[in-house]
Every structure is written in C-alpha cells, then in structure tokens.
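Observations on chain architecture
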Amino acid sequence: MASGVVAQVAGGASLNAALADAFRAHRDLAAALRGAAQDLAYATLRDYGFVDRIADSLATRPPQPEIRALVMAAITALRAGRRGDHTIVDQAVEAAASLAGERSKGFVNAVLRRFLREREALERAAAATETGRHRHPQWWIDRLRSAYPGDWESILATANTHPPMTLRVNRRRTTRDAYMMRLAAAALEARVLGEDGVLLARPIPVEALPGFREGEVSVQDAGAQLAASLLGAAHGMQVLDACAAPGGKTAHILERADVTVTAVDNDPARTMRIRENLDRLGLVANVVVGDATRPGTWCGDTRFDRILLDAPCTASGVVRRHPDIKWLRRVDDIARFAATQEALLEALWQRLVPGGRMLYATCSVFPEENFVQVERFLSRHPEARRLAVAHPASGQLLPAQDHDGFYYALLEMWPAA
Ligand SMILES: C[S@@+](CC[C@H](N)C(=O)[O-])C[C@H]1O[C@@H](n2cnc3c(N)ncnc32)[C@H](O)[C@@H]1O
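As the structure is a prediction and not an experimental result, all values here were calculated from the model.

Per the counting criterion, the structure on display carries 2 cavities of 30 Å³ or more. Each pocket or cavity is described by its volume, and for the largest cavity that value is around 70 Å³. Breaking the lining of the largest cavity down by element, the ones donating at least two residues are α9 (138-147) and α10 (152-159). With 3 residues, α10 is the largest single contributor of residues to the lining of the largest cavity. Tallied by class, residues from the lining of the largest cavity come to 7 nonpolar, 4 polar and 2 charged. Put simply, the second largest cavity is a space of about 40 Å³. Every residue lining the second largest cavity is listed: Ala55, Leu58, Ala59, Pro63, Arg68, Val71, Phe107 and Val111. When residues of the lining of the second largest cavity are traced back to their parent elements, those giving at least two are α4 (51-58), α5 (65-80) and α7 (103-127). Its residues placed into classes, the lining of the second largest cavity shows 7 nonpolar, no polar and 1 charged.

Shown next as structure tokens:
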C-alpha cells in the first residue's frame, strides 16, 4: 500500500488524496497495518531526493513507476531497520509480483540485495548531492539559501523531521491548566506552549484525546495559534476570516472573544469542515462559500473591524506535515500564489473600516509570498501601515522543533482625516 501511495505522489497526486484512495482500496486491512503503511509512505516521501537517487543508481533501465516506488519504499524500510532485512526484501518481492507480474520479482530481489551489499557506497554517493543530502528539490534549496544565508540548512533539516502534535485548548470549555491535569490523569505526557497551546510528548490519534469529542481541544500547530492573538479581535467587533477552511483560526478567534465572525472559503467541501469544526467546539460563525477576491458578491457593502487573510500559498513552511509538497511544487508556483495573494490583499483591504486591522498570514517561508508581498502592498497604499508584532519581530517565523513556519504582517488602515 505504501508504494502505491508514493507512486501516486510521484505522478503528481497529493498525499492526502493518495492516502484516501489507498485506504478505500485496502479497507479490509487491519488498522495497525494501514497505519504502518501510512508511516512508510510519509517516511519515503520525507527521504525522497535521497532514496530515489539510490533506487535510480541501482537499476540499469528505469522500471515502471509502481516498481520504482516499491524499491524506494523498501529501501526506506531497510534503512529504518525496524524489521529484519530478509522479511522486508521478501515482502517487497511478493508485492512486486502482485503489482507487475512474476517477472518483476527477480528485478526487485536483485536491486534490494545489491542495496544491502553496497549500501555504504550508495548512501555516500546520494549524500554527496545537495538534493540527496537535504531531501528537497534543487530550486527549493537554492531559493532558501539565498533568502536565509544563515538558516537555510536548519529550515531544510526541520522540514525532514517528524512534526510534534500540538493542541489548542478551547477557553470556552476549560482552561489550559485544567486540561494539562486531564492529560496527566490519562498518563499523557505534555507541556504548555503559548497562551492556549499544549504540546504532547508523543502524537496519538485524535479520538484518544481526552475531551476531543466534547470540544475541549483541537489539533493546531503553535505557529498557527499566533494568528488569533495577533489579530486582536475584541468583544463586539465584526471580523472577517477570508480563506477560512477548515476553520482552525476561525474557531480560535471565537474561543477568545465575543465577536461576530464571517468565515469565507471558495472550496465548498472544505467549507463544510468549518461548520463541522465549529459545531464540535460549540461555536457559531456566519459560514459562506465565496470568492474572497470578490467580497461584494457575498457581503454587499459590509466593512469589518478585523480581517484575517490566511492566504493560499506554497505551504513551504509546513513541509514536515505534508512531505509531498516539496515534490509537487514547481518553481513558478511561487509567482502564481503571489499573484493570487496580491489580488486577495487588494480586494479585502477595501473592506476594512478606517482604523481597522488586517492580519496577512501564510504558512510559507518564501519571501515573495511574505515580506516582499507586504512591502509591495505598503508601497501601493500610503494609508496602510505595518504594526510591529512581538513574536517574531520580522513576522517570519521559521520552522523549528516546536512550531511550523509562518509569516504574519499586521496592517492598519489610517483612520480617515
Ligand atoms: C491556508 S488555507 C486556510 C486555513 C485556515 N485559515 C485555517 O486556519 O484552518 C487557505 C484557504 O484559502 C482558500 N482559498 C483559496 N483561494 C480563495 C479565494 N479566492 N477565496 C476564498 N478562499 C480561497 C482555500 O480553499 C483554503 O481553504
């Protein structure tokens, strides 16, 4: 199952879509086996750049994509060393037969045995290349190196790690300290992180979280949890959350203050998820399917005190949660997203009341979507000023162990003279 998922992603599908397909196709498989296959697919994609190079150097002629993905997944499993080498090779050989017929068994057997014999030299050769060493496409490495001469290697290294599981405690239902006690009573190790956050020592399935079904907590990265406090929506305000699905930040805004929130997204299926999430948490917003570049079509002339624009972006700051991203993105996607972000900024800025504030956010680390985008916006809008945000001062939160990479710019419209 893991190799099928990797093959689909290598062919251009998103990891979420490929996993959903695989789970449907293997619905009879025991949950633990499906979980193990999912972990292997993630691990293989994290190591893509390294394992594909090894796989390619082992074959004299390129095999069909499913077999190439199978070899990569098997090499990843062999390198992890959690199961015996012979078991892994035997299982891969059997899988090859069911994927591509008996003739592929010999090929897979031969390349994996050669990998085991020549492992050290093969790994050394793969690590001698930048894509192999950093497990990212070359253009991505080059962009980060020029944008962050001192940090690019740690950004790449963090993107290749396992993300932590961070929770946001619903202030309307409990307190962070009371929830910490609930976790302790359930023997779940955790520490507090940020105003509403709790970081678990080890990830667990959401259904196993105390109080999850009752809406006491949500899963949300600590970097994403900064948005609601930076937005600073106070009681009684009219708030627009443009690009709101699946509603993580909408919910946090509503948990913190008695405000009226309009939550808009142009994806109907994802918009349903805003409703589901708010229902679970006992929160209410005006949820709308609409294009945020054309607010007149869904909110008439309404203006808002606070606007959160959590813009669509390359998601280059959340790669450790979505390792497919680094292989699916193309270099021109940056300019494409930047153009959409500019259109959203321009349309939504007109919807602020004078003196109102807009929080522009992305989960990207590419400057064109962040700092450069905002500088251009400020040069076009003398009535806009950028307010200082305490953490991080530049607005660019680089990915680190405790949080993903995010960018925040808080923009205020000068009150009319
Ligand atoms: C980064 S995600 C938002 C995450 C969300 N704020 C949260 O915290 O759960 C960006 C969202 O923008 C939506 N989107 C993209 N273009 C849009 C547009 N023109 N109008 C409205 N929503 C849009 C996407 O469907 C996607 O759900």
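Note that Val239 resides in strand β5 (residues 238-242). Separated by 82 residues in sequence, Val239 and Ala157 have C-alpha atoms that sit 37 Å apart. Apart from the residues within four sequence positions on either side, Val239 is in contact with Leu231, Ala233, Ile253, Val259, Thr260, Val261, Thr262, Phe304 and Arg306.

A common way to report how large an interface is uses the accessible area buried once the components associate. Examined at the domain level, the chain breaks down into domain 1 (2-134), domain 2 (165-219) and domain 3 (231-413). One C-alpha centre belongs to domain 2, the other to domain 3, and the line joining them spans 25 Å. Every contact between the two is made by 18 residues of domain 2 and, on the other side, 13 residues of domain 3. Together, the buried faces of domain 2 and domain 3 total about 1200 Å²; carbon and sulfur atoms form 34% of this surface.

Here the focus is the site of the ligand. Surrounding the ligand, one finds 17 residues, the nearest of these being Asp265, Arg270, Asp291, Ala292 and Asp310. One of the backbone N or O atoms of Cys243 is found 3.2 Å from a nitrogen atom in the ligand. A distance of 2.9 Å separates a nitrogen atom of the ligand from a polar atom in the side chain of Asp291. Protein chains shield 84% of the accessible area of the ligand, which is 610 Å² for the free molecule.

Another point: the packing of aromatic side chains. For the structure on display, the rule yields 7 aromatic pairs. Ring centres of Tyr48 and Trp327 lie 5.0 Å apart, and the angle between their planes is 50 degrees; this geometry places the pair in the tilted category. Of this pair, Tyr48 sits in the loop between α3 (31-46) and α4 while Trp327 sits in helix α16 (residues 325-328), placing them 279 residues apart in sequence. For the pair Trp349 and Phe377, a centre-to-centre distance of 5.2 Å together with 85 degrees between the ring planes defines the contact as edge-to-face. Within this pair, whereas Trp349 is found in helix α17 (residues 333-349), its partner Phe377 is found in helix α18 (residues 371-380), the two being separated by 28 residues in sequence.

Turning our attention to the packing of α4 against α5. Remark: α4 packs on α5, axes separated minimally by 9 Å, with the N-to-C direction vectors making an angle of 120 degrees. Remark: the crossing between α4 and α5 carries right-handed chirality. Judged by residue contacts, Val51, Asp52, Ile54, Ala55, Asp56 and Leu58 of α4 engage Arg68, Val71, Met72, Ile75 and Thr76 from α5. Residues belonging to the contact of α4 with α5 are distributed by class as follows: 7 nonpolar, 1 polar and 3 charged.

About the thresholds
Per chain, residues are indexed from 1 in the order of the written sequence. In keeping with the predicted nature of the model, local features appear solely for residues at pLDDT of at least 70, side-chain atom pairs appear and are counted solely at 80 or more, and the whole-chain, interface and lining totals rest on all residues. With hydrogens and water set aside, each side-chain value is computed from the structure's full complement of heavy atoms. Using a 1 Å grid laid over the protein atoms alone, points where a 1.4 Å probe fits but cannot get out form a cavity; open sets with protein on both sides within 12 Å along at least 5 of 7 lines form a pocket; any residue with an atom within 4 Å of a point counts as lining. Grid points are joined across faces, edges and corners, and a volume is the space filled by probe spheres set on the points. For the purposes of this entry, the term helix denotes a DSSP run of H or I that reaches at least four residues, the term strand denotes a run of E that reaches at least two, and both are numbered from the N terminus. Just so you know the grouping, Ala, Val, Leu, Ile, Met, Phe, Trp, Tyr, Cys and Pro go in nonpolar, Asp, Glu, Lys and Arg go in charged, and all remaining residues, Gly too, go in polar. For this analysis, residues touch if any pair of their heavy atoms sits within 4.5 Å. The domain limits used here are those given by an automatic or database domain assignment. In this description, buried area is defined as the sum, over both parts, of the accessible area (probe of 1.4 Å) that is lost when the two are combined. A cutoff of 4 Å decides nearness: a residue is near a molecule or strand if any of its heavy atoms lies inside that distance of it. In protein, a polar contact requires one atom able to donate a hydrogen and another able to accept it; more generally it is a pair of N or O atoms within 3.5 Å, and residues adjacent in sequence count only if both atoms are side-chain atoms. Computed by Shrake-Rupley with a 1.4 Å probe, the accessible areas treat only the displayed protein chains as cover when residues are assessed. Two rings belonging to Phe, Tyr or Trp (six-membered ring only in the last case) form a pair when the distance between their centres is within 6.5 Å. Interplanar angles under 30 degrees mark stacking, angles over 60 mark edge-to-face geometry, and anything in between is tilted. Axes here refer to lines fitted to C-alpha atoms; in helices the fit is confined to the stretch in contact. Angles between the N-to-C directions go from 0 to 180 degrees. Left-handed is the label given to a crossing in which the near helix is rotated counterclockwise from the far helix by less than a right angle, and right-handed is the label when the rotation is clockwise.

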